[in-house]
Structure formats: C-alpha cells, structure tokens
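In case you want the letters, here they are:
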Amino acid sequence: MVQEIGVSEINRVVSVVQEKFDLDFSNYAVSSFKRRLERLIEVRNYKTIDNLIFKIENNSFTKEEFLHEITVNVTEMFRDPSFWRAIKKVLSFSLESLPKIRIWHAACSSGEEVYSMLILLKEMNLLDKCEIVASDIDNMILARAKDGTIAMRNMELNCKNYARVHDDYQDLMKYFKVDGEYCRFDKSLLSRVSFRNIDLVKAESTSKYDIIFCRNVMIYFNQALQSKVLNLLHKSLFIHSYLVVGTKETISSALEVAPKFISVNNEEKIYKKIKD
C-alpha cells in the first residue's frame, strides 16, 4: 500500500527537486502534484516518499525520469473536433491573409496536437508560410514528438476525431506509414516544426507569435503560476493575435492580463489579444 502523502511530504519533494534538478514545482496545483507523486511511488514500488527522496538525493533518479513521471502526457489527435473546426475559422478569417504565420504549441507533450495542426495547415494550403515552434519541459516526451510515432492501437480514436472535423469523409491514415504495431507520421510535414525544451515556469518572452496553443496545461498550476504563465503568453503574442487554452481553463483569474484579451469563442476558449 502506498503511503498517504501530506503537505509536508509534498514540500519536502518540491525542495529536493528544486535543489537537485533546478525545477520549481512550488506553484503547481497541490492535488494534481500529489496524485502524480503517489502514482510515481506506486509504479516505481518505492512504498514511501522517503525512498523517492533518497533516490533523488543520491543521483539514482534523473531529472528526465522525474519530469517524465510527474508531468501528464495524455493526448490524442484532433482532440475535441469542435475545437479544430473553430480553429479552421480563425485561420480562414483572420490569419490566412498574413504574409507569414507564426505558431507556438506550448507544452506540446507527445506531439498529437502538433501533427493535427500540420495536417490542417496543409489542407488549407497555409503550411508553406507557417513557422511552427513546439515546446515542452520533458526531453523524453519531446523526443517522442520529434519521432512522429503513434501506437496503432491509438489510431482508431485519432481517425474518428479527424473524420468529425470534416464535413465529408477523410482518411487520416494517408499521413502515416504503418510499421508493425506503430504508425509513422509524414516526415516532410514533421520537418516543418522546431522542437524546443522550454520550461513555462522560468521562460521569458523572446519571440512573437500569431497564435499560441497552451491547452490543458494550466489546470495543473495554482492561480499565481497561471497568472505568471498567462503574462508570458500575452507578451509572446502580436497585437490582434490569438491565445488558445483548454476547455476547462480560463484566463479570467489573471487580473492583470485578462482585460487585454477578448473572447473569440468562449466555448472553445479562444482569445484575441487587443492590448499590449
């Protein structure tokens, strides 16, 4: 049976992780961080939080391993098809006329959202004028995203989502090559993406984008960190550009930043920057 983890145990882990790995989890939502720690201890058969701390302190648990275990990497292609139909409208009515479109997928996880966007851009004949950055804090999951490999067992759901984005039947598999139990995403499309390791907790704005995707990330942050990250994303957008967050997320709690956006699609959580 896994030890019940309390606030004092969580604080001990946060402290040792910051000291050993230079990672700051102090502003992550406590309930979510607690669940991930409990899962990590169970999966690794550590039994107690002391065992985990000992492993970290004695360099037998790496930074990359910890990030991979503690961050949530559950995703799928064309997740929430209604969202992707809304994004098509944003691209058609607002971004299509731009000479260049700069896109940032923040916290891209294993890449399914990035692959979905690449396909959408190709089908809208916009890909050639797009610059795409995909980032995550987890190097292991970034490597998976770069590789473009998806297990065949996941493709049925991906194909169903893709079909629901279109008015007529479309076959997602034309963008993949089947290789045994895996599918390999079109390398010519994947080559259009610059993958980068970026920690949203520490990052500073160094580039400007026309649309930023940061979906289903901030639900794992407390309010203070949400505000900090939203300020970063705001600074990283051109005026009249777009920010996309998850359907269970909102920007309203960021009192400094929220008035600088208007809602374009409240249901799909698409916002437009109106003030610097």
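Throughout, a residue's number is its position along its own chain's written sequence, starting from 1. Restriction of local features to residues with pLDDT of at least 70 applies here, the model being predicted, together with a cutoff of 80 or more for giving and counting side-chain atom pairs; totals for whole chains, interfaces and linings are based on all residues. Based on all heavy atoms of the structure, the side-chain values leave hydrogens and waters out of the count.

By the naming in an unreviewed UniProt entry, the protein goes by CheR-type methyltransferase domain-containing protein and is assigned to Sporocytophaga myxococcoides.

On a plain count of helices and strands, the protein comes out with ten helices and ten strands. Radius of gyration (C-alpha) of the protein: 20 Å, near the 19 Å computed for a compact globule of 276 residues. Over its C-alpha atoms, taken along the principal directions, the protein stretches across nearly 55 × 50 × 30 Å. Whether two residues are in contact is decided by their heavy atoms, any of which lying within 4.5 Å being enough. The contacts in the protein between residues at least 6 apart in sequence include a share of 77% that link residues at least 24 apart. For every accessible area listed, the method is Shrake-Rupley and the probe measures 1.4 Å; residues are considered covered only by the protein chains on display. Carbon and sulfur atoms make up 48% of the accessible area of the protein, which amounts to about 13,400 Å² in all. Averaging the locations of the 40 positively and 38 negatively charged side chains of the protein gives two centres separated by 3 Å. Runs of E in the DSSP output that reach at least two residues are strands. Runs of H or I that reach at least four are helices, and both are numbered from the N terminus. Radius of gyration here is computed from C-alpha atoms only, and the compact-globule reference equals 2.2 Å multiplied by the residue count raised to the power 0.38. Just so you know, the count uses Lys and Arg for positive and Asp and Glu for negative, and it drops His and the chain ends. Charge positions are represented by NZ for Lys, CZ for Arg, CG for Asp and CD for Glu.

Let us look at the sheet that holds strand β10 (residues 270-273). Adjacent strands of a sheet form backbone hydrogen bonds with each other and so pair up, either parallel or antiparallel. Here the rule is simple: two strands pair whenever DSSP picks up at least two bridges between them. What the seven strands build is an open sheet, ordered β6-β2-β1-β7-β8-β10-β9; its pairing is mixed. With one partner strand each, in any of the chains shown, β6 (193-197) and β9 (261-265) form the two edges of the open sheet. Adjacent strand axes in the sheet meet at a mean angle of 20°, parallel and antiparallel pairs treated alike. Pairing analysis gives five bridges linking strand β7 (residues 209-214) to strand β8 (residues 237-245), with the strands arranged parallel. When the sheet's bridge partners are listed, isoleucine 211 is paired in β8 with tyrosine 242. Strand contacts of helix α7 (residues 139-147): β2 (130-136) and β6, with the helix running at about 170° to β6, the strand carrying the most contacts. Only C-alpha atoms enter the line fits that serve as axes; for helices the fit covers just the stretch in contact. Angles between N-to-C directions range over 0 to 180 degrees. Lying on the sheet, helix α10 (residues 223-235) is in contact with β1 (101-105), β7, β8, β9 and β10; it crosses β8 at an angle near 140°.

Moving on to the pairing of β10. The pairing of β8 with β10 spans three bridges and is antiparallel. Residue pairing across strands places leucine 243 opposite tyrosine 271, the latter belonging to β10. Pairing geometry for β9 and β10, over four bridges, is antiparallel. Opposite phenylalanine 261, over in β10, you have lysine 273 as the bridge partner.

Below, the discussion takes up the environment of tryptophan 84. Looking at the secondary structure, you find tryptophan 84 in helix α5 (residues 81-95). Taking the C-alpha atoms as reference, tryptophan 84 lies 9.2 Å from tyrosine 162; in sequence the two are 78 residues apart. Excluding residues within four positions of it along the chain, tryptophan 84 makes contact with Phe78, Arg79, Glu113, Ser116, Met117, Leu120, Val165 and Arg215. Here arginine 79 takes part through its backbone oxygen, which lies 3.2 Å from a polar atom of the side chain of tryptophan 84. Polar contact criterion, stated in full: a pair of N or O atoms within 3.5 Å, where within protein one must be able to donate a hydrogen and the other to accept it, and residues adjacent in sequence count only if both atoms are side-chain atoms.

So, on to the sheet that holds strand β5 (residues 182-185). Read across the open sheet, the three strands follow the order β3-β5-β4; overall the sheet is antiparallel. Here the strands that pair on one side only, and so sit at the sheet edges, are β3 (149-151) and β4 (176-179). Adjacent strand axes in the sheet meet at a mean angle of 30°, parallel and antiparallel pairs treated alike. Of the pairings in the sheet, the one linking β3 to β5 comprises three bridges and is antiparallel in character. Bridge pairing in β5 links alanine 151 to tyrosine 182.

Further remarks concern the side chain of aspartate 199. Summarising the element assignment, aspartate 199 is placed in the loop between β6 and β7. When a residue's accessible area, from a 1.4 Å probe over protein chains only, is under 20% of the maximum for its type it is buried; when over 50% it is exposed; and in between it is partly exposed. Salt bridges are identified by distance alone: a Lys or Arg side-chain nitrogen within 4 Å of an Asp or Glu carboxyl oxygen. The side chain of aspartate 199 is buried and forms no salt bridge, while lysine 202, the nearest opposite charge, is found at 4.7 Å. Contacts of aspartate 199, omitting those with residues within four sequence positions, involve Leu23 and Ile137.

Among the surface-exposed residues, Ile262, Val264 and Ile274 lie close enough to one another that they form a single nonpolar patch of about 210 Å² accessible area. If you trace the backbone, isoleucine 262 turns up in strand β9. Like-charged residues are merged into a patch within 9 Å and nonpolar side chains (Val, Leu, Ile, Met, Phe, Trp, Tyr) within 5 Å, provided each residue has over 30% relative accessible area and no salt bridge.

Expected helix span is taken as 1.5 Å per residue step, with the number of steps being one fewer than the number of residues. Given a rise of 1.5 Å per residue, 15 residues ought to cover 21 Å, and the 20 Å separating the end C-alpha atoms of helix α1 (residues 7-21) matches this to within 8%. Listing the buried residues of α1 in full gives Glu9, Ile10, Val13, Val14, Val16, Val17 and Phe21. Looking at the packing, one finds that the buried side of α1 touches α2 (30-43), α3 (49-57) and α4 (63-70). Aspartate 22 sits one or two positions beyond α1 and adopts a positive phi of about 60°.

The alternating pattern of β5 places Cys183 and Phe185 on a buried face, while none of Tyr182 and Arg184, on the opposite face, is buried. Summarising the sheet, β4 and β5 pair through four bridges and their orientation is antiparallel. Residue valine 178 lies in a different strand from β5, and its bridge partner there is cysteine 183. Linking β4 to β5, which pair antiparallel, is a turn of two residues; within it glycine 180 sits at a positive phi near 65°.

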